[in-house]
Every structure is written in structure tokens, then in C-alpha cells.
Amino acid sequence: QPGELRLNQRPSLRARTSISAPEDGRMKLIVLALAAGTAVAECPNACSGHGTCGTFDECICYPNWQEADCSGRTCPFVPAHVDTPKGDLDGSADALSGTSTTVIAGSTVYPHGTTEQYPLMVDSAGGSLTNTGHAYAECGNKGICDRGSGECECFPGYAGAGCQKATCADPTCSGHGICMNAQNLAAQDHDNVYNLWDAEVGFSCLCEPGYSGPTCASKMCKYGIDPLYYDDDVMAVRAPTARVSFSVGNLTGTKAVGDAAAFGAARKSFLEGTYAIKFYDAFGEDYETAPLSVGAKCPEVVAALEGMANDVVPKHGVACTMRGYTKSDKPVNGKGPGLQTVAYDLVFEENPGDLKPIEVNAYLDGERPTVYLADGNSTDQEFNVDIDVFPNWKGISGEFVDYFPSICHGVQFMVAKTPQNERTLGAAFTDSNSGLSADEEKLLKACLGDADGNADNNLEVYNWDYGTPNSTNTPHIVKLAPTDDSKSGMYDAGTFNLVWYGRANDNADASTNKFYFSGLPTSDTNKKFAVFPTSGVATVLATNKTAVTARFDRGATKVYTSYDTSCPELGIGHINHETIMNACLNKGDKVFLFNNRFDTADAGYGDGDGLTDAEVDQSATAGNMYEVVKVGVDAPSASTGTTEDRFYFVVDKAINWDGSATAARSAFRGSVMDEGDTSGATAGTQLVGIHSIVKFEPGPTSYEFVQQCSGRGLCNGDDGLCECFTGYTGDNCDQQSALAV
């Protein structure tokens, strides 16, 4: 039809023109509208109200906001647990620039720029720092930032606004502990100090006694002695021991009671009152006895200890021996004689292990002492009673590990007190006159073997080190234990001694060489000893210039040293002590403190004049093994100039002998005055201790003979019960039985 437009017919030019005209008009309007819009453009999303619109229509975000439109929050920055490189931030597709090259300076997150590799650490002057880490990072690199809320979503095990806390796996510690940071944990451990970067943010559980594991969820099992340890007749157990004593303060023993010269005109002189004994089991749990009269003797003491809760000290589990019980020799103020000293020894035979030392609680009423001095006639009291507790009175304390488990078969001998002119080499010796035959001497040499951990310098066909004191700082160390026919029982376990082989006169014939010991194991010259060597290494601390010496008071745990035994990176006077100390002390190290003086003349180890008879006798109880629980340096005091009192370490038990003797630094062989600041001391005159410090590094043959389930079963941490191996029975698997399956 005329005027119709068919589907397959193209419209005429005229028709097409008439149809397109309105569209051209609309296009013009669109172009004009776009042009007008360009003229009034602004930053994305108006910077979300968290920034200003700057040049090139880019948002400049306010602090703690980011993204192109400032809509994302910035999460807290804290020291990173782990530093990480950030990668190719500048898009150069080239090798990452170094830590000294700053990129993307002026960004909203890093306004001062950042680096592509690990963060650059600088001091306040802008100088680069090496050996550093833990730069500030968003969420501490242990979480993901929620840009909407500005809060960190921490990875498991981390918490805090910036994920800065490495939390306890279970914040409740399973109800059997306390979640504490590293700083507080260190303070709980003998008042140690922890000052590293995570001191306040690294957390761990401090478990209560009897529980273990990262969450304190595992209940520990009963300890016992491995039954295979003491099935050999030559073995003896070093059980926990203690000497407890009470005495009238400043009592000289030479003045009559009431004598003004000894006590003062109104001095009280009788011991009265009550106390309790605090006992710690193998887990560290404390138990306290019922109150005891200060005059209680062994039967009452034993009954009180065995009467504590949970049978922690079982019946017939403690031996008690009275060592002193004295009264005044005449009535005072019309009354009878008064009690002046009480002393007794305890051996905890059924509580093996290196237990925390017992304590005496003489404050049963709170802050007022309940052990005091009285005159027996009035209510007046004085409180200067001397109360001492020595956990290793005879030089023996309990142990979990026997570092001297092997015996020198075929070697037995007696010991004798060293003559005065030979005491520079030791307090005691043995030779053919003391039962050491020529064959036994050969066996002993071969048995002692290496002393310094270096077999290349061993001597003779016996493949051993002499350990001579003038030529090495690594002498042999042994345990001398009474033989079967000499020991008083299975708890007569022997003492530790340094051993040297040599002669007092260097010019004498070598045939005069003999074995010297640092201590006198006994005053009984007929007592026979077996020798237990060790695969460990004993090192007498020294520098490349002089000895490192110690001093300490009887009953103390703090040992003052002549040098900083921690070997700091920069020591006194900025000298690198790692290069001049032959060994360093750290927390957990084992040390021996023998009554063995360093040379103060030129004769080798020991005092140039030799030990006195009293000092030789005292050496019988010296030489116990201690564990270092703290190493420190105090600030100089008013007396540092005259007596060195800055450097120290602390041991885990009270020292039972007096090592307070001192000598001037200049008195020591090859000595120079301690380099650097001596706080006003005249060179060489500053007083230091004279006793040697022996660091002991255990060897591979150590035998842990006291452990949970006696080492003969598995501990079920759910209920704290032992699951004994076949052939063993008992609540701690310490009994062998053919019927146990």
C-alpha cells in the first residue's frame, strides 16, 4: 500500500532524515549535560566525610582513614610478632629495593614512607640499627583489619586491640593455673627480670603444683625411684636432707647465762615458743606441720611431718637425728635451767628428688614471731633467735638425675688429709699407703678418661687427662661414695670432689705423682670409697688473664664474683667478655662451690700458705651441686671501691659453709686490675673472693632415676594415675613383680 513501510524495504533518505532529527537534538543535550557535569566534579564519594578533596580530585584522608574515598578505617599498629617484606610496592617489576630505599612516601598509611624489604629500623638520630626487629605493623602482622570497623580480627592465639598479645592457649589455664605475661612469669621465678620486646605481651600459663602442659590440663603422676637404679648394691640414693637449728642470738658459749658481758644486764636467755615446718613435695606443693614447741625433739618432729595432709611424708619416710640440745648450766631468776640450742638433721628417705628446701615458719600468729627469748620469770621477750635451715648440711641434697651413674670397677681406696705443705693441690689424697694399688691406679686413670671434652689431647695408654691444676681449667670431677662395707645405709650416697693428678714439687720425680681431691670426704681414714666418674665436663671459671673467684656467706644463696660471669656482649670497659672468659653462667647451669681456694701467691690452686686443719675438715661438707637460678649485675654501691659487690649469681639452695674470705685482686697469679670502672678503687686493692667456681656441663650418660611413674610407666594426664609397664606395679610403678602384666 502507498505510504506503508515494509520490513524488507529500506526507507528513503527523506524518511530517514525525518526520523533522526529528534535523536540529534537529544544527543546535543546529553553532551551539554556531560560538559556541565565535568565543570562541577568532586572526589570519590566526597571522601566519605573523612578527608579533603585535593589536587587531581584525590582524597587526602584524615588520620586513621584510608582507601580512595577514605571509607576504610586504619587498624591499630603495634610491634609486629613477625616482620614481613611488603613486596613490589612501586610496581617496578624489578628487584625489591633495599631497606634504605623509601617508597610511596606520603601515603595515608605510611605518611613517612615505607620499604619494600624488611622494615628499616633507625634510632632517634636517624641512624640505621642492625640486629633489630618487630617494627610496627598493622594488627601486629597477626590479624586482618576490618576496614569497616577499624578493628583487628586476630588469628587464633592472639588478642588485643592490635593483636599484640600472644595469649594463653586457654585463658583460664584449665582452672589449674594463672595466665601471666613473660615479665611477671620471670618475677615469679626467683625474682628474675625479663626485658625483651614481648615482656608485657607474651603470655603463658603458670601452672599450680601437680599440673603441667601449655594449658595446665595434664595432671602429673606420683614420682618414684627407678627400681633398676638401686638394684645394684654399689648404688646409693642422694635423698633430700636438712639441718634445722635454733639458738640464742650472739651466744658465745664462753659466758655464763646472765653475764652482762655476754648478753647485757637484762638479756633474755631462754628459747620459748612454737613453730611449724613447711615441706615441699616433688611438684612444688607446700605442706605445713602442726605447731611444734621450740623444744621438740625428733619423735615429735617426725610425728608432725608424717601427720601432714595427703600422707605427703609417708610413715617411716623421714629419719631424724638430734645434733644439739643444750640448756643453761644454772638457774636464772629463781627458775630452772633454760633451753638455749636445739638442732636436728632430717633425711627424707621416701621423698626422692631435688626438692625445694624446707622452711621454718616462726610467724604462726602473722607478723609477730612465735619463737622468742624469755627470762623464765616475766612476760618480757626478745626476738633475736638465730634460726637456720641448711638443706644440704653434709654436702648432700636430693637429685632427680644422677650425673655420675657409672662406677670404676675394681677401684677402692681410703683417703687421708693432705700434709700442710701439699694443700695447694687439695684437702685430701690417696696413694699406695691408702689402699690404692699400682693396678688400681692404672684402672682409675683409664676410668677417669677425658676431662675437657677433647679426646685429641689425652695422654698415655690410658687415654686420659691429668687434670693437673697448674695446666688446665678442666679437672676431673667424681663422686666418692662409701663402699658396701663402709656406708651406713642406702642413703649414705657420697660427695662430689675435684680430682687432680700431680705432685706438690714440680721438680720432684714423676713417680711422686698422686691423686689429690678438693675436699676431704671423711675424717675416718679407714672408710673405703668407690669412684663414680662422669662424662660431663667441669670447668673452673677463669679469664685469659686471671681467676674468676667467688665469695659468699654461710647460709646465703647469693654468690658475689670477681667478674661478670654472664659474659655480656659488651662487658666492663667495653671489653668483649666472650673472648676472655673460658665459660659463662646462665640460668639453669649447674655449678659446684668447693672449699678450694685460688692461688694468692704462686703455688697453684689453693692458698699459698695451705688450708688450715679447720678448713680441711670443713671441706667434707662442701662441694654440693647447685643450680643457677639468676645471674645479675647490681649498680655500684658506696663500698664497691673497696670490695667488689656488683657481679653475682644466685643458687637454688643455701650454702652450708662460710666462703666469705677475700683477697686483693693484685694478689692473684697473673692478675691485672679489672679493666674499666672500679668505682674509685686503687688499682689492685679492691677485695674479691678467693674460692673457685666450677661450672658443670652434664654428659650423655646421665641417668634420670627419679621421675613420674619411676620411669617404668606412662602418666595418664587425665587422672594423674600411672599406667605401669609389664613387670612393674605400685601407684608409682616403683616395684618389680613377675605377676604384673
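Each remark here, short or long, concerns the structure printed above.
Every chain begins its residue count from 1, and numbering advances along the sequence as written. Totals for whole chains, interfaces and linings use all residues, but because this is a predicted model, local features are given only for residues with pLDDT of at least 70 and pairs of side-chain atoms are given and counted only at 80 or more. Derived side-chain values reflect all non-hydrogen atoms in the structure, with water molecules and hydrogen atoms excluded from consideration.

**As for the packing of aromatic side chains**
Phase 1 of the analysis: Aromatic pairs are defined between Phe, Tyr and Trp rings, using the six-membered ring for Trp, whenever the two ring centres lie within 6.5 Å; interplanar angles under 30 degrees are classed as stacked, those over 60 as edge-to-face, and all others as tilted. Per the counting criterion, the structure on display carries 18 aromatic pairs.
Phase 2 of the analysis: Ring plane angle 40 degrees and centroid distance 5.0 Å describe the contact between phenylalanine 279 and phenylalanine 348, whose orientation is recorded as tilted. Taken together, the residues phenylalanine 279 in strand β17 (residues 270-280) and phenylalanine 348 in strand β21 (residues 339-348) connect sequence positions 69 residues apart.
Phase 3 of the analysis: Accessible area is worked out with a 1.4 Å probe on protein chains only. A residue is then buried under 20% of its type maximum, exposed over 50%, and partly exposed in between. Residue classification places phenylalanine 348 among the buried residues on the basis of a relative accessible area of 2%. Strands are runs of DSSP state E lasting at least two residues, helices are runs of H or I lasting at least four, and both sets are numbered from the N terminus onward.

**Some words on the sheet that holds strand β28 (residues 416-417)**
Phase 1 of the analysis: A strand pair is defined by DSSP finding two or more bridges across the two strands. The strand order β27-β33-β30-β31-β32-β29-β28 describes an open sheet built from 7 strands, whose pairing is antiparallel. The open sheet is flanked by β27 (412-413) and β28, the only strands paired with a single partner.
Phase 2 of the analysis: Of the pairings in the sheet, the one linking strand β30 (residues 476-482) to strand β33 (residues 529-532) comprises 4 bridges and is antiparallel in character. Counterpart to lysine 479 in the pairing with β33 is phenylalanine 532.
Phase 3 of the analysis: Taken strand by strand, helix α5 (residues 438-448) contacts β27, β30, β31 (495-502), β32 (514-517) and β33, and its axis lies near 55 degrees from that of β32. We call two residues contacting when some pair of their heavy atoms lies within 4.5 Å. In this analysis an axis means a line fitted to C-alpha atoms, helices contributing only their contacting stretch, and an angle means the value between N-to-C directions, from 0 to 180 degrees.

**A word on the nonpolar core**
Phase 1 of the analysis: Put simply, buried Ala, Val, Leu, Ile, Met, Phe, Trp, Tyr and Cys residues joined by side-chain atoms within 4.5 Å make one nonpolar core. One finds Phe246, Tyr275, Val301, Tyr344 and Leu346 to be the most contacted residues of the largest nonpolar core, which totals 34 residues.
Phase 2 of the analysis: Sorting the residues of this core by element identifies β16 (241-248), β17, α4 (298-306), β20 (318-327), β21 and β23 (371-374) as the ones contributing at least two each.
Phase 3 of the analysis: Of all hydrophobic cores here, the second largest spans 26 residues; its members include Tyr223, Val401, Ile477 and Ala538.

**Remarks on α4**
Phase 1 of the analysis: Of all the residues in α4, the buried ones are Cys298, Val301, Val302, Ala304, Leu305 and Glu306.
Phase 2 of the analysis: Of the surrounding secondary structure, the elements contacted by the buried residues of α4 are β17, β19 (292-293), β20 and β21.

**Digging into the pairing of strand β47 (residues 721-724)**
Phase 1 of the analysis: Here 4 bridges tie strand β46 (residues 713-716) to β47, and the two strands are oriented antiparallel to one another. Note that in β47 the partner of asparagine 716 across the bridge is leucine 721.
Phase 2 of the analysis: Linking β46 to β47, which pair antiparallel, is a turn of 4 residues; within it glycine 720 sits at a positive phi near 70 degrees.

**Brief notes about the sheet that holds β16**
Phase 1 of the analysis: Read from one edge to the other, the open sheet built from 4 strands follows the order β20-β21-β16-β25, with strand pairing classed as antiparallel. Both outer strands of the open sheet, β20 and β25 (385-390), are each paired with one neighbouring strand and no more. Taken pair by pair, the neighbouring strands of this sheet meet at an average axis angle of 10 degrees, ignoring direction.
Phase 2 of the analysis: In terms of strand pairing, β16 meets β21 through 7 bridges, oriented antiparallel. Bridge assignment links alanine 242 to a residue of β21, and that residue is leucine 346.
Phase 3 of the analysis: Against the sheet, α4 makes contact with β20 and β21, and its axis sits at roughly 140 degrees relative to β20, the strand it touches most.

**Here we look at α5**
Phase 1 of the analysis: When α5 is considered as a whole, its buried residues turn out to be Glu440, Leu444, Lys445 and Leu448. The arc enclosing the buried residues of α5, seen along the axis, measures out at 140 degrees, which places them on a common side. α5 presents Ala438 and Asp439 as exposed residues on the side facing more than 90 degrees away from its buried surface.
Phase 2 of the analysis: Buried residues along α5 sit in contact with β27, β30, β31, β32 and β33. Arc definition: it is the arc formed by the directions from the helix axis to the C-beta atoms.

**A short note on unusual backbone geometry**
Phase 1 of the analysis: For asparagine 45, which is not glycine, the phi torsion reads 55 degrees and is therefore positive.
Phase 2 of the analysis: Along the polypeptide, asparagine 45 turns up in the loop between α1 (13-39) and β1 (51-53).
Phase 3 of the analysis: For asparagine 45, a relative accessible area of 55% translates into the label exposed.
Phase 4 of the analysis: The backbone phi angle of cysteine 139 is positive, close to 55 degrees, even though this residue is not glycine.
Phase 5 of the analysis: Along the chain, the position of cysteine 139 falls in the loop between β6 (136-138) and β7 (143-146).
Phase 6 of the analysis: You can call cysteine 139 buried: its relative accessible area is 1%.

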